[in-house]
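Listed below are the residues making up each chain.
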Protein chains: 2
Amino acid sequence: MTEKPSHRTNLVLTAMRLFRRQGYASTGLQQILAESKAPKGSLYYYFPTGKEGLAEAAVEMATDLICNTISDLARDHSDPKDFITAYCNVYAGWMEDSNFRSGCPIATTMLENAPQSPVLTKAGEAAMDRWMALIADVFETSGMPSEEAQTKSGQLVAAIEGALLISRIRQSTKPIRDVADMF
Amino acid sequence: MTEKPSHRTNLVLTAMRLFRRQGYASTGLQQILAESKAPKGSLYYYFPTGKEGLAEAAVEMATDLICNTISDLARDHSDPKDFITAYCNVYAGWMEDSNFRSGCPIATTMLENAPQSPVLTKAGEAAMDRWMALIADVFETSGMPSEEAQTKSGQLVAAIEGALLISRIRQSTKPIRDVADMF
DNA sequence: ATTTCTATATTGACCGGTCTATAGAGTCAA
DNA sequence: TTGACTCTATAGACCGGTCAATATAGAAAT
């Protein structure tokens, strides 16, 4: 399950971490190369389109990360309300652990590049589709009508994304915890 | 009421517009200077701290913009539900008019710089305080208890911020319109 | 009224450094 | 020998920031 630590994997992992903290534009390839300890030649070998291709892979890896988190939580919390609370707690923990620097792993990259970059926009859409579908499943499993589950999962993701932004500005997890009370 | 079109004003106005569309890091001073038609010397005359000082002023101007919007809407819509719907419609209009490029005027700048930059973080906190206080007023005026009004206004702002992000990714106003149904 | 002086406002040429990307030779295991 | 991978050097654009030179407005002096 765990990927083998190739240069390629290290590049994507490092890019994801740095884009999440400092954004896409202000993260230089130099820094990614230094921290991942990958050679520059490898970057353009694995990602011929350069920074954008690397970002695409980083968004995809981030999508998997969130999907795995949701799946794990869904297994332990079948009640929607419990699930939402647990999900918010995960994000709140991430924020606290990083001194409010690591919010949503794709939000900053998306705000900087969507919809200008078709490649990254598409990766972002895929992320939204997958996250919302997984959450809608939780709602449907508890008996909620499909259509309502779709809408609600979209609203939840929106509320959390916004809460992560405000949490970062205020350096407080309260906005995230307040999301749970909305549903 | 309208500010006189000095170089200073043009700089802040242009910075706000560009930061909103492309973010802070990927907007060069060159572009701001070219589009505002202001000379480079003026920038450092009015903003001795350079880009960061300009961004601070841009965030403050954006805060005023949103505050004015909220005040105007509050005058015409005393019912909270009506107000929320109208508020969402304003954002949806902004998104459509800009081909989903002009979302929240401070969100991208904040995700890129909070909490690393104390100056910009403080400007962001002030924005949140003022927006939420104005919206809470609308709720309180309609009879809602003060504490509940505070919480609800925070939740509304979070939901909208998140919806603006998703709207940008999906190039659709549906996420924004769905926010109105949450309250 | 006119000139001179002075402080403030304003300006664009210039700086060193960093950015992403490319080229092409070199390395090494299968 | 082949193909996957890595290295060094370099290109050329752009970055944010500095600073000496200039313009201007108003006070002071004549």
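A brief structural summary. (Residues numbered from 1 in each chain as written. Chains lettered and ligands numbered in written order. Predicted model: local features only at pLDDT ≥ 70, side-chain atom pairs only at ≥ 80, totals over all residues. Heavy atoms only, no water.)

## Digging into the packing of helix 7 (residues 118-141) of chain A against helix 8 (residues 146-170) of chain B
When two helices pack together, their arrangement is captured by the angle between the axes and the distance separating the axes.
Turning to step 1, where the next piece is worked out: At a minimum axis separation of 8 Å, helix 7 of chain A and helix 8 of chain B run at an interaxial angle of 120°. The angle between helix 7 of chain A and helix 8 of chain B falls in the class oblique. Like other packed secondary-structure pairs, helix 7 of chain A and helix 8 of chain B cross with a definite hand, here left-handed. Residues Thr 121, Gly 124, Glu 125, Met 128, Asp 129 and Met 132 of chain A of helix 7 of chain A form the contact with helix 8 of chain B, whose participating residues are Ile 166, Ile 169 and Arg 170 of chain B.
Turning to step 2, where the next piece is worked out: Looking at the contact of helix 7 of chain A with helix 8 of chain B, its residues break down into four nonpolar, two polar and three charged. (Axes fitted to C-alpha atoms, helices over the stretch in contact; angles between N-to-C directions. Helix = DSSP H or I, 4+ residues; strand = E, 2+ residues; numbered from the N terminus. Parallel < 35°, antiparallel > 145°, perpendicular 65-115°, else oblique. Left-handed = near helix turned anticlockwise from the far one by under 90°. Contact = heavy atoms within 4.5 Å. Nonpolar A, V, L, I, M, F, W, Y, C, P; charged D, E, K, R; others polar.)

## Digging into the protein's contact with DNA strand D
Turning to step 1, where the next piece is worked out: Of all residues adjacent to DNA strand D, which total 14 residues, the nearest are Pro 39, Ser 42 and Tyr 45 of chain A together with Leu 29 and Lys 40 of chain B.
Turning to step 2, where the next piece is worked out: Expressed as a percentage, the sugar and phosphate content of the atoms of DNA strand D within 4 Å of the protein is 67%.
Turning to step 3, where the next piece is worked out: Within the side chain of Gln 30 of chain B, an N or O atom sits 3.3 Å from a phosphate oxygen of DNA strand D.
Turning to step 4, where the next piece is worked out: Secondary structure elements with two or more residues in the surface near DNA strand D: helix 3 (40-46) of chain A together with helix 2 (29-36) and helix 3 (40-46) of chain B.
Turning to step 5, where the next piece is worked out: Per element, the largest residue contribution to the surface near DNA strand D is four residues, and it comes from helix 3 of chain A. (Near = heavy atom within 4 Å. Polar contact = N/O pair within 3.5 Å; in protein donor to acceptor, adjacent residues only side chain to side chain.)

## Examining the relation of the copies chain B and chain A
Turning to step 1, where the next piece is worked out: Of the transformation placing chain B onto chain A, the axial shift is 0.1 Å and the rotation is 180°, giving an RMSD of 0.1 Å. One copy is carried onto the other by what is essentially a two-fold rotation axis.
Turning to step 2, where the next piece is worked out: A high fraction, 100%, of the interface residues of chain B reappear at the interface in chain A, so the copies pair face to face through one surface. (Least-squares fit on C-alpha atoms with pLDDT ≥ 70 in both.)

## Brief notes about the pattern of salt bridges
One side chain can pair with another of opposite charge once the charged atoms of both are near each other.
Turning to step 1, where the next piece is worked out: A complete count under the given rule lists 10 salt bridges over all chains for this structure.
Turning to step 2, where the next piece is worked out: With its nearest N and O atoms 3.3 Å apart, the salt bridge here joins Asp 72 of chain A to Arg 75 of chain A. With Asp 72 of chain A and Arg 75 of chain A both in helix 4 (residues 51-76), this residue pair falls three residues apart, about one helical turn.
Turning to step 3, where the next piece is worked out: Given the relative accessible area of 41%, Asp 72 of chain A is considered partly exposed.
Turning to step 4, where the next piece is worked out: Given a relative accessible area of 64%, Arg 75 of chain A falls into the exposed group.
Turning to step 5, where the next piece is worked out: The residue Asp 178 of chain B makes a salt bridge to Lys 174 of chain B at a minimum N-O spacing of 2.9 Å. Of the two residues, Asp 178 of chain B and Lys 174 of chain B are both situated in helix 9 (residues 174-180); the distance of four residues between them amounts to about one turn of the helix. (Salt bridge = Lys/Arg side-chain N within 4 Å of Asp/Glu carboxyl O. Buried < 20%, exposed > 50% of the residue type's maximum accessible area, 1.4 Å probe, protein only.)

## Here's the deal with the state of the cysteines
Turning to step 1, where the next piece is worked out: Evaluation of the coordinates by the stated rule reveals zero disulfides over all chains.
Turning to step 2, where the next piece is worked out: The closest cysteine sulfur to the non-disulfide-bonded Cys 67 of chain A is located on Cys 104 of chain A, 12 Å from its own sulfur. (Disulfide = S-S within 2.5 Å.)

## A short note on the protein's contact with DNA strand C
Turning to step 1, where the next piece is worked out: Lining the immediate surroundings of DNA strand C are 15 residues, of which Gln 30 and Lys 40 of chain A together with Pro 39, Ser 42 and Tyr 45 of chain B lie closest.
Turning to step 2, where the next piece is worked out: When the atoms of DNA strand C within 4 Å of the protein are sorted by group, sugar and phosphate make up 59%.
Turning to step 3, where the next piece is worked out: Leu 29 of chain A has a polar backbone atom sitting 2.8 Å from a phosphate oxygen of DNA strand C.
Turning to step 4, where the next piece is worked out: Between DNA strand C and Lys 40 of chain A there is a distance of 2.8 Å, counted from a base nitrogen to a side-chain nitrogen or oxygen.
Turning to step 5, where the next piece is worked out: Elements with a minimum of two residues in the surface near DNA strand C: helix 2 (29-36) and helix 3 of chain A together with helix 3 of chain B.
Turning to step 6, where the next piece is worked out: Here the surface near DNA strand C takes five residues from helix 3 of chain B, the largest share from any one element.

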